[in-house]
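Tertiary structure, described
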Amino acid sequence: MKKIFLIVAITWTCLSFSQTFNGTGGVITDNQQNIDFPLTVNGLSQATLDANMGLVQICFNINHTWDSDLKATLIAPDGTSITLFAGVGGDQDNFTNTCLSQSSTNLINNNTAPFSGTFKPEESLGNLNNGQNGNGVWILRMVDVFGQDEGTLLDWSLTFGTNASIPFAFTSSNLPIVIINTDSTILDEPAIVGTMKIIDNGTGAINYTTDTPNNYNGNISIELRGNYSQSLPQKPYKITTLNADSTENNVSLLGMPVEHDWALVANYNDKVFMRNQLAYKLFSEMGHYATRNKHCEVVVNGSYQGIYLLNETIKRDNNRVNIAKLEPTENTGIDLTGGYIIKNDYWDTTIGWQLNHNPIDHPDFAVGLAYQYPRPDVITSEQKTYIQDFVDQFETALYSPDFADPTIGYKKYLSETSFLDYFIINELSRNNDGFKKSSYFHKDKDSTTAMAKLKAGPVWDFDWAWKNINECSIFAATDGSGWAYQVNDCYPDVNSPGWYVRLLQDPNFQNDIRCRWNTLRTTTLSLPYIFTYIDETAAYLEQAQARHFDKWSNLGIPTGTPEMDPDPNTFAGQVAKFKSWIATRIAWLDDNMPGDPSTCALNTSHPLTFNALIQPNPANTVLNINTTNETLKKIELWDVSGKIIFERAINSIELSVNVEGINSGIYFCKIENAQNAFVVKKIIIAH
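Below, the structure is looked at part by part. All figures in this text were calculated on a predicted structure; none of them were measured in a lab.

**Describing the state of the cysteines**
Enumeration according to the criterion identifies 3 disulfides in this entry. Bridging Cys472 to Cys490, the disulfide has an S-S length of 1.9 Å. Every disulfide takes its handedness from the sign of the S-S torsion; for Cys472 and Cys490 that torsion is -75°, giving left-handed. Within this pair, whereas Cys472 is found in the loop between strand E25 (454–456) and helix H4 (473–476), its partner Cys490 is found in the loop between H4 and helix H5 (499–503), the two being separated by 18 residues in sequence. In this structure Cys490 comes out as partly exposed when scored by relative accessible area, which is 22%. Two residues share a disulfide in this structure: Cys515 and Cys600, whose sulfurs sit 2.0 Å from each other. Every disulfide takes its handedness from the sign of the S-S torsion; for Cys515 and Cys600 that torsion is -105°, giving left-handed. Here the residue Cys515 occupies a position in helix H6 (residues 507–521), and Cys600 occupies one in the loop between helix H8 (571–592) and strand E26 (613–615), the gap between them amounting to 85 residues.

If you want it as structure tokens, here you go:
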């Protein structure tokens, strides 16, 4: 059925014209079945859809008792499609007189049910005004992705009018460009085939979408990856590079070592685009393998998708997790001892096993580990038994009365250096996932003279880190406090084995953490070093970030992780917030990292910390600094961007600084003594 409305409004400058076409509805059945509702459009006053005349609005009424079950896609006559919404509204009901228009500033992803009024869709209606003939069959495709709650599309309509949005024209970037094309919809499973082109003209050069692909031009299989991240508008992907005969094609992408398994990590939940990259960089510089990655801009099936990280996946490989290859035929003797990769993540008995020990902080919690390498469908029963027994022996030693004994305790099974650095990077970022899921461990094959120990890592998945999360008091604290390893106190979706709770009952382990922290704070984990990396990366992304946020419209709007703090409405504001959080967290860790610093060697590689009293705080006119016994060498005052606004060389145990000429705000005061030890304190100046 078709109904046409003509609205003519004449002024001295313009003519406004619109046509609305109404469609019918029907039942939306459960469990990921595509239900298509067609609408035939005929008689558009201008057949070609562009800025002069194009699709400007879609409206609908839907009865459903669990709105977030639904995904809605609009498909134009030429096959171009956009996602209107997906996973919005939680467990609430219905879309009543709901319209989607690009002219709205109210993004539907940021609202709650019942939906009534006009909202901005998840993807732009302008992508459909691409010069195609608008006359033809349009399809509203509804998918109910879960069982139990069926719904009904009552009716829907399309409105075409003047001043229409048009497709964003992505033509060039200083970042590498990844172009993916498939013949069908990319799903969670199974993977589908497609093609991928990568254009990278080198550092400092501009890449154009019309350039001949010079980094990769070939076949791939592709599927969605991740758990929570899949529900967000910008989708993450798992990619396998393939030969023409569909066999795995080991290639180097963007300078990374050859392999065939890759990930395109989305940044919808990371508005500085570097939470993962920073964690991987720091862990790598601590001396451990971390997945290599490169920023890029991505186009999927002709639609610009924003900034991604093209990332290595975690797997056994000489250039990735470099442990011995374990064949299905290796089931006895020394061959059986490795290598293995296991993870604390979602699990069941088809992909992992339940541990025999419970966390000592929550003895009622069951904990399981999953097989990562060999894969669950490849690992043999003998190999399962070996790695299960090894972990059980480690836990038995960990929870024994002699657990701290260096010969028969946990150190017999555990590589302490890796566990120290894993703890530090996940606590630095206050990464809750790092201790409960996306948490990896690996063991190499034994030698003829020694047992290979369990190592922590590689680190993975930091898009919920480096921020204050309105989820649990541990992660919500705005003063930088809270221990991520105590995540079981938050009753998480995946239980943590709680190994660090026991490890930190060993004073020697505490002291080793403190010494390692002090060492890293002079180099890799110094604020100037971290801030320099952030500033350089932000400058590199400056042009691309504008396109990304224009695509997803979530800058300045809380989306993704439920953050405590206001969301800055500029990229520069996001970066400043990121740096301020890091400085606040480091200052708290400097004061609260467990262990006795006096056990560290007194040299530049293991500097001592010292106590300093800075008052008043907040300060109005004068900041008084007193260390009691330490002779100070230098003082610096940084703003939240990392810029030094005050610096002075001194030679005394106390100092008064006049701050009347410094603007009110949050600052960080670094005090260094004659032995090159330093303290960083968060300071508030309030006039």
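**Observations concerning the sheet that holds strand E10 (residues 136–144)**
Pairing is antiparallel in the open sheet, where 4 strands are placed in the order E4-E10-E6-E7. Either end of the sheet is taken by a strand with one partner, and the two such strands are strand E4 (35–41) and strand E7 (81–86). Direction aside, the axes of adjacent strands within the sheet are offset by 20° on average. Here strand E6 (residues 70–75) runs beside E10; their pairing, made up of 6 bridges, is antiparallel. Bridging across to E10, Leu70 finds its partner in Asp144.

**Side note on the pattern of salt bridges**
In this structure the tally under the stated criterion is 27 salt bridges. Two residues, Glu330 and Lys445, come together in a salt bridge whose shortest N-O distance is 3.9 Å. Here Glu330, found in the loop between strand E20 (303–312) and strand E21 (340–344), pairs with Lys445, found in the loop between strand E24 (439–443) and E25; they are 115 residues apart in sequence, far enough to count as distant. Classification of Glu330 as buried rests on a relative accessible area of 15%. Its salt-bridge partner being Arg585, residue Glu427 comes within 3.0 Å of it at the nearest N-O pair. Taken together, the residues span a long stretch of sequence, with Glu427 in helix H3 (residues 416–428) and Arg585 in helix H8 at a distance of 158 residues. Each member of the pair, Glu427 as well as Arg585, carries the same accessibility label: buried. Taken together, the salt bridges that share partners define one network made up of Lys238, Glu259, Asp261 and Lys315.

**Things to note about the packing of helix H7 (residues 527–552) against H8**
Any two packed helices are characterised by the angle at which their axes cross and by the distance between the axes. With their axes 9 Å apart at the nearest point, H7 and H8 run at an angle of 155° to one another. The orientation of H7 with respect to H8, classified from their angle, is roughly antiparallel. Regarding H7 and H8, the two cross each other, and that crossing is right-handed. Only Phe571, Val575, Phe578, Lys579, Ile582, Ala583 and Ile586 of H8 make contact with H7, whose side of the interface consists of Leu527, Ile530, Phe531, Ile534, Asp535, Ala538, Leu541, Glu542, Gln545 and Phe549. The residue inventory of the contact of H7 with H8, partitioned by class, reads 13 nonpolar, 1 polar and 3 charged.

**Description of unusual backbone geometry**
Omega for the peptide link from Gln615 to Pro616 comes to -10°, which places this bond in the cis form. Looking at the element boundaries, Pro616 is found in the loop between E26 and strand E27 (622–626). Look at the link from Asn617 to Pro618: it is a cis peptide, with omega at 10°. Considering the arrangement of structural elements, one finds Pro618 in the loop between E26 and E27. In this structure, Asn94 is a non-glycine residue whose phi angle is positive, near 75°. Considering the arrangement of structural elements, one finds Asn94 in the loop between E7 and strand E8 (95–100). The class for Asn94 is partly exposed, based on a relative accessible area of 24%. Positioned with a positive phi, Asn301 is a non-glycine residue whose angle comes to about 50°. You can see Asn301 is positioned in the loop between strand E19 (293–300) and E20.

**Some points on the packing of aromatic side chains**
Following the criterion strictly, the structure yields 40 aromatic pairs and no others. Ring plane angle 90° and centroid distance 6.2 Å describe the contact between Tyr422 and Phe435, whose orientation is recorded as edge-to-face. Here the residue Tyr422 occupies a position in helix H3, and Phe435 occupies one in the loop between H3 and E24, the gap between them amounting to 13 residues. The pair formed by Tyr422 and Phe435 is uniform in burial state, with each residue classed as buried. Its guanidinium or amino end placed over the ring of Trp552, Lys551 lies 4.9 Å from that ring's centre, counting from NZ or CZ.

Criteria and thresholds
- Residues numbered from 1 in each chain as written.
- Predicted model: local features only at pLDDT ≥ 70, side-chain atom pairs only at ≥ 80, totals over all residues.
- Heavy atoms only, no water.
- Disulfide = S-S within 2.5 Å.
- Helix = DSSP H or I, 4+ residues; strand = E, 2+ residues; numbered from the N terminus.
- Buried < 20%, exposed > 50% of the residue type's maximum accessible area, 1.4 Å probe, protein only.
- Pairing = 2+ DSSP bridges.
- Axes fitted to C-alpha atoms, helices over the stretch in contact; angles between N-to-C directions.
- Salt bridge = Lys/Arg side-chain N within 4 Å of Asp/Glu carboxyl O.
- Parallel < 35°, antiparallel > 145°, perpendicular 65-115°, else oblique.
- Left-handed = near helix turned anticlockwise from the far one by under 90°.
- Contact = heavy atoms within 4.5 Å.
- Nonpolar A, V, L, I, M, F, W, Y, C, P; charged D, E, K, R; others polar.
- Phe/Tyr/Trp six-rings, centres within 6.5 Å; stacked < 30°, edge-to-face > 60°.
- Lys NZ or Arg CZ within 6 Å of the ring centre and 35° of its normal.

Functional significance is not addressed by these values, which are geometric in nature.
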